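Residues per chain are reported as follows:
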Amino acid sequence: MTLAFAVLGDSIAYGLGASRTADTVGARLAAQLTEAGILVDTRVFAVSGADSRGLAAQVKQATAWRPGLALIIIGANDLTHFVPAQQAALLLGNAVRTLRKAGAEVVVAPAPDLSVVPWCPPQMRPTVQAASHLLRQEQASAATAAGARIADITATSATAFTTDPTAMFSADRFHPSSAGYAVITAALSATIHEAASAANTDR
């Protein structure tokens, strides 16, 4: 039986900056799950440029499709749009809760550390890093309370993006390149496989 896999969130969830659709997070994870014997039908509901205020509309579309597995990658635009951390976390928690009530196992990748982005001025990096950390903590707490699994992509991928920004970022120096998406996918893989296995067991 095929597992419906919904990908929600922002431009990272959408895959902006990847050279090919096959290099995006959703496509890479779907390929990995298939290799592991879990057949998936993947649909991307993510919207480039979205912040947490846009999650409700995405969730409405996704739940109508009735996914068994959902991935939410959100937070970067909450930081750039100056959405208060508590508000962003509340909206994320609501999104997770709705998806869970609809029967989906949910994985959340909270805000990345935007201080590693090449365009971030060196003098601003401590402030941006602190804001990223605060948002990530608030998101993780709210999403966990709502029933999500957390995959903190920053903890395992920040070093790669810091040490090799030319390879990891696309031409706009903000969104990941195909190589960057490979690193992000690797950081998500174990948690996604765990959630997919749980979704299959529940069916």
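For the structure itself, look to the data block above.
In what follows, the accompanying structure is described. Being a predicted model, the structure only gives us computed values, none of them experimental. (Residues numbered from 1 in each chain as written. Predicted model: local features only at pLDDT ≥ 70, side-chain atom pairs only at ≥ 80, totals over all residues. Heavy atoms only, no water.)

### As for helix α3 (residues 55–65)
Step number 1: All buried positions along α3 are accounted for by L55, Q58, V59, A62, T63 and W65. Here the buried residues of α3 occupy an arc of 140 degrees about the axis, which is enough to place them on one side. Residues A56, A57, K60 and A64 are exposed on α3 and point more than 90 degrees away from its buried face.
Step number 2: Those residues of α3 that are buried are in contact with β1 (3–9), β2 (40–44), β3 (69–73) and α5 (85–101). (Buried < 20%, exposed > 50% of the residue type's maximum accessible area, 1.4 Å probe, protein only. Helix = DSSP H or I, 4+ residues; strand = E, 2+ residues; numbered from the N terminus. Arc of directions from axis to C-beta. Contact = heavy atoms within 4.5 Å.)

### Here we look at the packing of aromatic side chains
Step number 1: The tally for this structure, following the rule as stated, stands at three aromatic pairs.
Step number 2: Between F45 and W65, the ring centres sit 5.9 Å apart and the planes meet at 50 degrees, which makes this aromatic pair tilted. Remark: W65 occurs in helix α3 and F45 occurs in the loop between β2 and α3; sequence separation between them is 20 residues.
Step number 3: With relative accessibility at 17%, the residue W65 sits in the buried group.
Step number 4: Seen from their ring centres, W119 and F174 are 5.5 Å apart, and the 15 degrees between their planes marks the pair as stacked. (Phe/Tyr/Trp six-rings, centres within 6.5 Å; stacked < 30°, edge-to-face > 60°.)

### Brief notes about the side chain of D51
Step number 1: Checked against the element boundaries, D51 lands in the loop between β2 and α3.
Step number 2: A relative accessible area of 7% places D51 in the buried class.
Step number 3: Separated by 2.9 Å, the side chains of D51 and H81 make a polar contact. (Polar contact = N/O pair within 3.5 Å; in protein donor to acceptor, adjacent residues only side chain to side chain.)

### Remarks on the side chain of R136
Step number 1: Considering the arrangement of structural elements, one finds R136 in helix α6 (residues 125–145).
Step number 2: In contact with R136, not counting residues within four places along its chain, are P110, A111, P112, D113, D152 and T154.

### Some remarks on the packing of α3 against α5
Step number 1: Where α3 meets α5, the closest approach of the two axes is 10 Å, and the angle between their N-to-C directions is 10 degrees. Considering their axes alone, α3 and α5 lie roughly parallel with respect to each other. Facing α3, whose interface residues are L55, V59, A62 and T63, α5 presents L91, L92, A95, T98 and L99.
Step number 2: Tallied by class, residues from the contact of α3 with α5 come to seven nonpolar, two polar and no charged. (Axes fitted to C-alpha atoms, helices over the stretch in contact; angles between N-to-C directions. Parallel < 35°, antiparallel > 145°, perpendicular 65-115°, else oblique. Nonpolar A, V, L, I, M, F, W, Y, C, P; charged D, E, K, R; others polar.)

### Describing empty space enclosed by the protein
Step number 1: The full count for this structure, using the stated rule, is one cavity of 30 Å³ or more.
Step number 2: Considered as a void within the structure, the largest cavity measures approximately 220 Å³ in volume.
Step number 3: Looking at the largest cavity, it is lined by 17 residues, and the ones nearest its centre are I12, P112, D113, V116 and F161.
Step number 4: For the lining of the largest cavity, the element with the highest residue contribution is helix α7 (residues 153–163), accounting for five residues.
Step number 5: Considered class by class, the residues forming the lining of the largest cavity number 13 nonpolar, three polar and one charged. (1 Å grid on protein atoms, 1.4 Å probe; cavity = no way out; pocket = protein on both sides within 12 Å on 5 of 7 lines; lining within 4 Å. Points joined across faces, edges and corners; volume = space filled by probe spheres on them.)

### Comments concerning the sheet that holds strand β4 (residues 105–109)
Step number 1: Taken in spatial order, the five strands of this open sheet run β2-β1-β3-β4-β5, and their pairing is parallel. Whereas interior strands pair on both sides, the edge strands pair on one side only; in this sheet they are β2 and β5 (149–150).
Step number 2: Pairing of β3 with β4, which is carried by five bridges, proceeds in the parallel orientation. Bridge pairing in β4 links I73 to A109.
Step number 3: Helix-sheet contacts for α3 involve β1, β2 and β3, and the interaxial angle to β1 is about 170 degrees. (Pairing = 2+ DSSP bridges.)

### Section: the pattern of salt bridges
Step number 1: Going through the model one piece at a time under the given rule, you end up with seven salt bridges.
Step number 2: Of the charged contacts in the structure, one is a salt bridge between D23 and R20, with a shortest N-O distance of 2.8 Å. (Salt bridge = Lys/Arg side-chain N within 4 Å of Asp/Glu carboxyl O.)

### Here's the deal with the layout of surface pockets
Step number 1: In this structure, the largest pocket occupies an estimated 310 Å³ of space.
Step number 2: For the largest pocket, the lining is made up of 15 residues, of which L79, T80, F82, V128 and A131 are closest to its centre.
Step number 3: Counting residues per element, the lining of the largest pocket draws most heavily on α6, at four residues.
Step number 4: Here the lining of the largest pocket is composed, by residue class, of 12 nonpolar, two polar and one charged.

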